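The residues making up each chain are set out below.
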Amino acid sequence: MLPGLRPFYVMEITARSKELEARGQRVLHMESGEPGAPPAPAVREAVRRALDLPQHYTPSGGIAPLRAGLAAYYEAQHRVAVPPEAIMVTMGSSAAFILAFLAAFRPGARVAVTRPGYPAYLNTLLGLGMVPVEIEVSAQSGWRLSAEDVERAYRETPFDGLLFASPANPTGAGVTGAALAAIASTCTRLGVRFISDEIYHGLDYRGPSVSAAEFDPDAIIINSFSKYYCMTGWRVGWMVLPEDLRARAMMLQQNMFISAPTLSQIAAVAALSERDYAEEQKAGYRTNREILAEGLARHGLVAANSGDGAFYSYVDVSAFTSDALSFAIALLEKAGVAATPGIDFDRVNGHRFMRFSYAGTRATVTEAVDRIDQFLTAL
Ligand SMILES: Cc1ncc(COP(=O)(O)O)c(C=O)c1O
């Protein structure tokens, strides 16, 4: 293993839950950020129709209807003109991170991310020979990053890039449009390339999501069909690239991935017209969030951010444990509920936190909350 690379500890929980399930025990899954619902019926139908046709590689930027559909999406949702040639369709946002890092930076570059944050940011940067710089965000500020935090961190340790998600994983924290604009303009002033991970867009509970594309032509925007459109396993996402990075990103995509999966691109075109279905799922997450919050509050567990967006609750469990991984294992083995220890998201303070995903079905979340209740009562 490369120095600094860490496993996903939740994989240990997943492996143990598979063992329990193989022995016939029912496990309720709150460990992964995967919607309980399938993609919209029209998406599945579009793929069924395409299945018998030959599926070849597509142009590296993506199929024309998808790039045009995404350009129309920016016009409709964000009132911003994004030309189709600025859009590159990728194998989920995960591949987009690799392309963005390699297009914008060179080995040894320093890229800032928040702590807590999505662990693949650190591991991908480390794997590519780049250097993550962590900016701590705190429960006191609802885990929201500010332009002042960015400026302060830069003065301590200058960096070349900032990768930031709003709404965020694991905290659900979302910043306002004004705060996002301030972060972007601070980056511009400091000569820092801003990468805006907008994968949880659409899942803002306080109002419409604001994209950095609305005010920062130099930002790299990354988004995905995984979450809002319930398409995690389809591996399709996209980037909006500033003009100076397009040719380099295209060469990298041509050589590293050729193109995103063809059937998934066809599915993605259909998904863009299925926002009503996505909004129905979102309404379900909102109710799930309330059920979870009520259940946890009975034991004094209150998330510092009650959920600006996404579908996660990041909860301080230090009243019960100082070892989140052992807590997660006990919760799984005694109560049959799988959830993620905070150490996956924060190598310093994560041992005091657990992340619960409420992306599953209402039935799963309701039963899981009952089981968590009994588990905590018995502690
Ligand atoms: C913040 C964030 N970005 C990116 C991803 C990766 O998503 P995908 O590669 O499925 O688009 C995730 C997945 O959980 C995430 O939480």
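Cut-offs and rules
Residues numbered from 1 in each chain as written. Predicted model: local features only at pLDDT ≥ 70, side-chain atom pairs only at ≥ 80, totals over all residues. Pairing = 2+ DSSP bridges. Helix = DSSP H or I, 4+ residues; strand = E, 2+ residues; numbered from the N terminus. Near = placed C-beta within 6 Å. Nonpolar A, V, L, I, M, F, W, Y, C, P; charged D, E, K, R; others polar. Core = buried A, V, L, I, M, F, W, Y, C linked by C-beta atoms within 7 Å. Buried ≥ 20, exposed ≤ 12 C-beta atoms within 10 Å, placed from the backbone. Domains from an automatic or database assignment. Axes fitted to C-alpha atoms, helices over the stretch in contact; angles between N-to-C directions. Left-handed = near helix turned anticlockwise from the far one by under 90°. Contact = placed C-beta atoms within 7 Å. Expected span 1.5 Å × (residues − 1).

Undergrad: Can you break down the sheet that holds strand β11 (residues 340–341) residue by residue, with the values?
TA: Sheet architecture is open: three strands sit in the order β9-β12-β11, paired in antiparallel fashion. The two strands at the open ends of the sheet, each matched to only one other strand, are β9 (312–316) and β11. The sheet contact formed by β9 and strand β12 (residues 353–357) spans five bridges and is antiparallel. Along β12, the bridge assignment pairs Tyr314 with Arg355.

Undergrad: An account of the site of the ligand is requested, with residue identities and associated values reported.
TA: Close to the ligand lie 13 residues, the nearest being Gly92, Ser94, Asn169, Ser224 and Ser226. The element best represented in the shell around the ligand is helix α4 (residues 92–104), accounting for three residues. Tallied by class, residues from the shell around the ligand come to three nonpolar, nine polar and one charged.

Undergrad: Can you explain the nonpolar core? Please cite residues and give values.
TA: Ala100, Leu162, Ile220, Met239 and Val337 are the most contacted members of the largest nonpolar core, which has 118 residues in total. In terms of domain composition, this core takes at least three residues from each of domain 1 (10–39 + 276–378) and domain 2 (41–273).

Undergrad: Outline the packing of helix α3 (residues 64–78) against helix α9 (residues 262–271), supporting the account with residue identities and numerical values.
TA: At their nearest, the axes of α3 and α9 sit 9 Å apart, and the two run at 35 degrees to each other. Read as a crossing pair, α3 and α9 show a hand that is left-handed. Residues Pro65, Leu66 and Gly69 of α3 pack against Gln265, Ala268 and Val269 of α9. Classifying every residue of the contact of α3 with α9 by side-chain character gives four nonpolar, two polar and no charged.

Undergrad: I'd love a proper account of the domain arrangement of the protein, names of residues and values included.
TA: According to the domain assignment, the protein consists of domain 1 (10–39 + 276–378) and domain 2 (41–273). Relative placement of domain 1 and domain 2: their C-alpha centres are 26 Å apart. Across the contact, 29 residues belong to domain 1 and 31 residues belong to domain 2. Only α10 (275–297) and β9 provide two or more residues apiece to the side of domain 1 that touches domain 2. With five residues, α10 is the single largest residue contributor to the side of domain 1 that touches domain 2.

Undergrad: An account of unusual backbone geometry is needed here, citing residue identities and associated values.
TA: Across the junction of Ser166 and Pro167, the peptide omega takes the value -10 degrees, indicating a cis bond. Position of Pro167 among the secondary structure elements: in the loop between β5 (161–165) and α7 (177–190). Look at Arg79: it is not a glycine, yet its phi comes out positive at around 50 degrees. Of note, Arg79 is situated in the loop between α3 and β2 (87–90). Residue classification places Arg79 among the exposed positions, given that 8 C-beta atoms sit within 10 Å. Its identity is not glycine, yet Cys230 carries a phi of approximately 60 degrees, on the positive side. With respect to the helices and strands, Cys230 occurs in the loop between β7 (220–224) and β8 (237–240).

Undergrad: Outline the sheet that holds β5, supporting the account with residue identities and numerical values.
TA: Note on sheets: strands pair through backbone hydrogen bonds, and any given pair is parallel or antiparallel. With mixed pairing, the seven strands of this open sheet are ordered in space as β2-β8-β7-β6-β5-β3-β4. Of all the strands in the sheet, the pair left with one neighbour each is β2 and β4 (131–136). Taking each pair of neighbouring strands and ignoring which way they run, the sheet shows an average axis angle of 20 degrees. The sheet strands contacting helix α5 (residues 119–127) are β3 (110–115), β4 and β5, and the helix crosses β4 at an angle near 155 degrees.

Undergrad: Pulling in residues and values, what's your account of the environment of Leu301?
TA: The residue Leu301 is located in the loop between α10 and β9 in this model. Looking at Leu301, the number of C-beta atoms within 10 Å reads 20, which means it is buried. It is 29 Å that separates the C-alpha atoms of Leu301 and Asp197, two residues lying 104 residues apart in sequence. Leu301 has contacts with Leu296, Val315 and Val317, leaving out every residue within four places of it along the chain.

Undergrad: How would you explain the pairing of β7 if you had to name every residue and give the values?
TA: Taken across its five residues, β7 has five buried, putting it largely inside the fold. Residues Ile220, Ile222 and Ser224 of β7 are buried on one face, and the alternating residues Ile221 and Asn223, pointing to the opposite face, are buried as well. With three bridges joining them, strand β6 (residues 193–197) and β7 adopt parallel strand pairing. Paired with Ser196 across the two strands is Ile221, which belongs to β7. In the sheet, β7 pairs with β8 via four bridges, with the strands oriented antiparallel. What sits directly across from Asn223, in β8, is Trp238.

Undergrad: A description of α3 should follow, citing residues and the corresponding values.
TA: Along its 15 residues, α3 runs 21 Å from first to last C-alpha, staying within 8% of the 21 Å computed at 1.5 Å per residue. On its buried face, α3 sits against β2, β8 and α9. At the exit of α3 stands Arg79, carrying a positive phi of roughly 50 degrees.

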